Amino acid sequence: MAVYMISKAKEMIIMTAYTFDLLTICTALAQAAQKGIAVKLYPDKKHSLTGTTSAQMDRLESLRNLGVEVFLTTGATSAGIQHSKTLLVDNFYLLGSTN
């Protein structure tokens, strides 16, 4: 569903994710950015820098180089994490979870 929504974007994409390294999503976001669509990605900062997903920082850097705005974020408190999984494409919203 997420890749389909991303492929239909006309103006903007905003995505939040705790773990972010799925190649199909990365490819879809990169293609959207290259078409001139405003793409913003908000992964968790601590997990991106020290998490168990070794490909995450490489994928984020590749996306940044292709025009995706990447913002490493934290939770509401200094010790918090950004753990939501959401996708906003134009006026359509997909909620994975926000636990």
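Since the model is a prediction, treat every value here as computed from it, not as a measurement.

Let's shift gears to helix α2 (residues 23-34). With 12 residues, α2 extends 16 Å from end C-alpha to end C-alpha; this agrees with the ideal 16 Å at 1.5 Å per step. What α2 keeps buried is the set Ile25, Cys26, Ala28, Leu29, Ala30, Ala32 and Ala33. Buried positions along α2 lie against α1 (2-7), β1 (12-17), β2 (38-43) and α4 (56-65). Following α2 by one or two positions, Gly36 adopts a phi angle in the positive range, close to 95 degrees.

Attention now moves to the pairing of strand β4 (residues 85-89). Relative to β4, β1 runs antiparallel, the two sharing 4 bridges. Note that in β4 the partner of Ile13 across the bridge is Val89. Where β4 meets strand β5 (residues 92-97), 5 bridges bridge the pair, whose relative direction is antiparallel. The residue of β5 that forms the bridge with Leu87 is Leu94.

One non-glycine residue, Asp90, adopts positive backbone phi at about 50 degrees. Of note, Asp90 is situated in the loop between β4 and β5.

What counts, and where the lines are drawn
- Residues numbered from 1 in each chain as written.
- Predicted model: local features only at pLDDT ≥ 70, side-chain atom pairs only at ≥ 80, totals over all residues.
- Heavy atoms only, no water.
- Helix = DSSP H or I, 4+ residues; strand = E, 2+ residues; numbered from the N terminus.
- Expected span 1.5 Å × (residues − 1).
- Buried < 20%, exposed > 50% of the residue type's maximum accessible area, 1.4 Å probe, protein only.
- Contact = heavy atoms within 4.5 Å.
- Pairing = 2+ DSSP bridges.

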